[in-house]
Amino acid sequence: QGYEYAYGPDIAPKQPSAERELFNEVILKNRLLTSVRRFNPQLPAEQAEQVVADIANYHNADLILGNKEMFAFITEGMKKTWRENGEEKTEVVKLIDFVNVEANDFLIVNQFTVQGIENVCRLDGVVFVNGIPLSILELKSPVREQATIGQAYRDMEYYKKEIPKIFLYNQVLCLSDLTEARHGTISSSWERYGTWKGIESESDAPKGASELEVLAKGLFNKARLLDVIQNFTVFEADGDVDAVTYTKKMALYHQYFGVNKAVRST
């Protein structure tokens, strides 16, 4: 799919090619800073660095509400106000270029290690766009009896509790044992994880292709991934006015292709 690839231990802290200073950091700050500068050339250098710090240090005790706010920063930009020569200035800083897809930095890392609250977690796959971890993949071996896709789901639920920080930024969660592959959001129960069944259309998956291959070529096509995040993801409010919670929902493959076909036709 044209992503840059890195092996987690090679870019781990204290390595010659390190992209983080500490194992509890989940943002690749140099990649994000490079992108922020590229997309927002009018922004002073000091403010660009502050935006990166704000994103990297972001915290919210409520994982869903934090994910919702970060989703807004990712899709709509982050407002930044500062004083310059006695004058107050405000810019909406773009973190991702949704129009010029190839202007973004796409990276897939396997064996990405994160220091958790009590334990160290080693993630099988993390997709970074401009240094922001937008997707996590939990991949199980098809030849190990205990390593089922159900176990991948249970592991993902454990990671939410042990390394919640990375889930503030996450947009797509993926589970696979090679035979089966599913995708969902931070809110998805086991029953809500879906299968992506097309690549360029609803029904063009190659005969004999594994579900994981179709997911990789279909959903993780660069333009399609950004389209799904920007235009096919919503937070639906649950509960009454005083105690609103949210469910994060993402379109299934037939909804995605169907809506885009309808828009083109119109």
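In this report, we go over the structure that sits alongside the text. Numbers given to residues run from 1 along each chain, matching the order in which its sequence is written. A pLDDT threshold of at least 70 governs which residues receive local features in this predicted model, and a stricter bar of 80 or more applies before side-chain atom pairs are shown or counted, although totals over entire chains, interfaces and linings include all residues. With hydrogens and water set aside, each side-chain value is computed from the structure's full complement of heavy atoms.

## Re the nonpolar core
The set of buried Ala, Val, Leu, Ile, Met, Phe, Trp, Tyr and Cys residues whose side-chain atoms join them within 4.5 Å is what this entry labels a nonpolar core. Three exposure classes are used, based on accessible area relative to the maximum for each residue type with a 1.4 Å probe and protein chains only: buried under 20%, partly exposed in between, and exposed over 50%. Ranked by size, the top nonpolar core spans 77 residues in total, and within it Ile 55, Phe 167 and Trp 196 carry the most contacts. Counting from the N terminus, the helices are DSSP H or I runs at least four residues long and the strands are E runs at least two residues long. In terms of residue count, the dominant contributor to this core is strand β5 (residues 120-129) (6 residues). Note on contacts: a residue pair qualifies if any of its non-hydrogen atoms lie within 4.5 Å across the two residues. When near neighbours in sequence (up to four residues on either side) are disregarded, Ile 55 contacts Ile 27, Leu 32, Met 70, Phe 73, Met 78, Leu 95 and Tyr 169.

## Concerning the pairing of strand β2 (residues 78-84)
For a regular strand, side-chain orientation follows a simple rule: the groups alternate between the two sheet faces. Bridge analysis of β2 against strand β3 (residues 87-93) gives 7 bridges, and the strand direction is antiparallel. Bridge pairing links Met 78 to Val 93 in β3. A strand pair is defined by DSSP finding two or more bridges across the two strands. Here β2 folds back onto β3 in antiparallel fashion, the turn holding 2 residues, of which Asn 85 has a positive phi close to 55°.

## Observations concerning the packing of aromatic side chains
Pairing of aromatic rings covers Phe, Tyr and the six-membered ring of Trp, with a centre-to-centre limit of 6.5 Å; geometry is then stacked below 30 degrees between planes, edge-to-face above 60, and tilted otherwise. Scanning the entire structure with this criterion turns up 11 aromatic pairs. Each ring, one from Tyr 3 and one from Phe 106, has its centre 5.3 Å from the other, and the planes form 65°; the classification is edge-to-face. One end of the pair, Tyr 3, is in the segment before β1 (4-7); the other, Phe 106, is in strand β4 (residues 106-115), and 103 residues separate them in sequence. Within the aromatic cluster, the residues linked to one another by ring pairs are Trp 196, Phe 232, Tyr 256 and Phe 257. Distance and angle both matter: a charge sits over a ring if NZ of Lys or CZ of Arg is within 6 Å of the ring centre and within 35 degrees of the ring normal. The ring centre of Tyr 246 lies 4.7 Å from the NZ or CZ of Lys 68, which sits over that ring.

## Let's talk about the side chain of Asp 155
Looking at the element boundaries, Asp 155 is found in helix α4 (residues 149-162). Discounting residues that sit within four places of it in the chain, Asp 155 has contacts with Glu 138 and Lys 140.

## Digging into the environment of Gly 150
Its location among the elements puts Gly 150 in helix α4. As a C-alpha pair, Gly 150 and Leu 175 span 25 residues in sequence and 8.5 Å in three-dimensional space.

## Concerning the pattern of salt bridges
Salt bridges, as used here, are contacts in which a Lys or Arg side-chain nitrogen is within 4 Å of a carboxyl oxygen on Asp or Glu. Counted under the stated rule, the structure contains 16 salt bridges. Across the pair Asp 155 and Lys 140 runs a salt bridge whose closest N-O atoms are separated by 2.4 Å. A residue pair is termed long-range when its members are at least 10 positions apart, and Asp 155 in helix α4 and Lys 140 in the loop between β6 (132-139) and α4 qualify at 15 residues. In terms of burial, Asp 155 and Lys 140 fall into one category: buried.

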